[in-house]
Amino acid sequence: MLSFDPVNFIFMIINVLIIFFIAKKFLFGRVDDIIKKREEEIADSYKAADKVTEEALTSRKEYEDKLQSVEKEKAEIISDAAKKADAESSRIIGRANEEADKIIKAANDDADNIRKAAEIVHDKEVERVVFDVAAHLAGTTMTEEANSELYDKFLKQASHNE
Amino acid sequence: MNSLAEELQKELEIPTAFTIPVGGGIAVNQTVVITWGIIAFLFALILILTRGFVTQNPTKRQVAVEAFVTWIENLLGGNMDEKSHRYIPYLGSVLIFLAISNIIGIFDIAPPTKDLRTTVALALMSIVLVQIAGIREHHVGGWLKGFAKPIAVMTPMNILELIIKPLSLCMRLFGNVFAAFVIMELVKMVIPVGIPAALSLYFDLFDGLLQAYVFVFLTSLYINEAVE
């Protein structure tokens, strides 16, 4: 039972070493490898996720910046358009006033012409009266008295004609 | 009473399984052959269980194997320093081998740990490993100086420990398995049916696993002490 033979003792040591190598290489080695690999993969995917998030944030900022500049541009365009519209409307109103002035002036001119024409007509009437008077006087002697009488008559007639 | 002693003696004999016809003939005993069987069984089992491991969506088999290995690593690493974690695979292998050896009695196969040669071999390897761990950590000079710690008077004691530690390791393991075997044989002689099955649960399963753990646990403590 307690006899000791070195051969079987050495065999046992070799056996234990074989078990150790098998377990180390195929059990502990494989499991540790796969766990390490999995941890690496997890770390990688975390890194990738962080990168994607960062990219998303960057592009969102870009988008917001662009949106802001678009807003600014829009405001500029609107104010430009309002200015242009103001200028255009004042131009149009100015022209309209000008037109109106012209029309009024033309109307005044017309009125003047008509008045002048009427004056001419009136003058012609006076002339005719003068002629009538002259014709009437032609048959009478021109005394101082008669002359004055004639003059009064003329004035009377003239005022009558007015 | 005499016949009982003879019977036990016979049971504890390690018969020669076969002789290698080299030189004067090398007698290979039963324990070694049974251990070869355990090696073959373990190798096949490990190869089957660890086949096709993947990092994503592992099979239930892979999850179970990973959980088992992680459990062993935590069990042993829990009371060990970070520096001595590199010895976990060796301790794990010994634990698995001892567990199988100790509970193999259930299948009516003589446990290899019943043979003193096995436990002596394991204890010797353990103490060599402990010294290697000490030399690796403190180099030869530091390792030698370690014997005179904490005070120089302790040197003979520390040197004695080199023998006492492995001796206690192998005797404890051998004694437990041996005693369990003897008790089981005695019980079988008195009551051949029923009771032995129940007692076998304690002596072969519980005590077998417990002693396997104790052996590895003490070795890990010695390693820890050596690298400190």
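Just so it is clear, the model here is predicted, and its values are computed rather than measured.

### Section: the overall build of chain A
- Looking only at helices and strands, one finds 2 helices and 0 strands in chain A.
- Considering chain A as a whole, with its 162 residues, one finds that 7% of them fall into the buried category.

### What about the nonpolar core?
- Ranked by size, the top nonpolar core spans 48 residues in total, and within it V16 of chain A together with L91, V94, L95, F97, C170 and V216 of chain B carry the most contacts.
- Looking at this core, the elements that each hand over two or more residues are α1 (6-138) of chain A together with α2 (30-49), α3 (60-77), α4 (88-103), α5 (116-145), α6 (155-190) and α7 (195-227) of chain B.
- Look past the residues within four positions of V94 of chain B in its chain and what remains in contact with it is L122 and V216 of chain B.

### Some thoughts on the interface of chain B and chain A
- Contact with chain B, which involves 33 residues of that partner, is made by 26 residues of chain A.
- Broken down by secondary-structure element, the contributors of at least two residues to the side of chain B that touches chain A are β2 (26-29), α2, α3, α4 and α5 of chain B.
- For the side of chain B that touches chain A, the element with the highest residue contribution is α2 of chain B, accounting for 9 residues.
- Split by residue class, the side of chain B that touches chain A holds 22 nonpolar, 8 polar and 3 charged.

### Side note on unusual backbone geometry
Residue and element names in this part refer to chain B.
- A positive phi angle, near 50 degrees, is found at N57, a position not held by glycine.
- Secondary-structure assignment places N57 in the loop between α2 and α3.
- For H139, which is not glycine, the phi dihedral falls at a positive 60 degrees.
- Locating H139 in the fold gives a position in helix α5.

### So, the environment of F147 of chain B
All names here are of chain B.
- With respect to the helices, strands and loops of the structure, F147 is situated in the loop between α5 and α6.
- Residue classification places F147 among the partly exposed positions, given that 16 C-beta atoms sit within 10 Å.
- Each C-alpha atom of the pair F147 and I159 lies 6.8 Å from the other, and the pair is 12 residues apart in sequence.
- Excluding residues that lie within four positions of it along the chain, F147 makes contacts with T155, N158 and I159.

### Topic: α2 of chain B
- If you check α2 of chain B, its first and last C-alpha atoms are 28 Å apart, about what 20 residues at 1.5 Å a residue would give, namely 28 Å.
- Buried within α2 of chain B we find T31, V32, I34, T35 and L42 of chain B. Relative to the axis of α2 of chain B, the buried residues are bounded by an arc of 155 degrees and lie together on one face. Away from its buried face by more than 90 degrees, α2 of chain B exposes A40, F41, A44 and I48 of chain B.
- Buried residues along α2 of chain B sit in contact with α1 of chain A together with β2 and α5 of chain B.

### Observations concerning the confidence of the model for chain B
- Across chain B, the average pLDDT comes to 85, with 99% of residues at or above 70.
- Scoring of the predicted complex yields 0.70 for pTM and 0.85 for ipTM.

### With respect to the packing of α5 of chain B against α6 of chain B
Residues and elements named next belong to chain B.
- Direction vectors running N to C along α5 and α6 enclose 145 degrees, while the axes themselves pass 8 Å from each other. Regarding α5 and α6, the two cross each other, and that crossing is right-handed. Across the interface between the two elements, L116, T119, V120, L122, A123, L124, S126 and I127 from α5 touch L162, K165, P166, L169, C170, L173 and F174 from α6.
- Among the residues forming the contact of α5 with α6, the class breakdown is 12 nonpolar, 2 polar and 1 charged.

### A few points about the pairing of strand β1 (residues 16-20) of chain B
All names here are of chain B.
- The buried count for β1 comes to 0 of 5 residues, which makes it a mostly uncovered element.
- Note that β1 and β2 share 4 bridges and pair antiparallel. Looking at β2, one finds that F18 is bridged to V28.
- What sits between β1 and β2 in their antiparallel hairpin is a turn of 5 residues, with G23 showing a positive phi close to 60 degrees.

Cut-offs and rules
- Residues numbered from 1 in each chain as written.
- Chains lettered and ligands numbered in written order.
- Predicted model: local features only at pLDDT ≥ 70, side-chain atom pairs only at ≥ 80, totals over all residues.
- Helix = DSSP H or I, 4+ residues; strand = E, 2+ residues; numbered from the N terminus.
- Buried ≥ 20, exposed ≤ 12 C-beta atoms within 10 Å, placed from the backbone.
- Core = buried A, V, L, I, M, F, W, Y, C linked by C-beta atoms within 7 Å.
- Contact = placed C-beta atoms within 7 Å.
- Nonpolar A, V, L, I, M, F, W, Y, C, P; charged D, E, K, R; others polar.
- Expected span 1.5 Å × (residues − 1).
- Arc of directions from axis to C-beta.
- pLDDT = per-residue confidence, 0-100.
- Axes fitted to C-alpha atoms, helices over the stretch in contact; angles between N-to-C directions.
- Left-handed = near helix turned anticlockwise from the far one by under 90°.
- Pairing = 2+ DSSP bridges.

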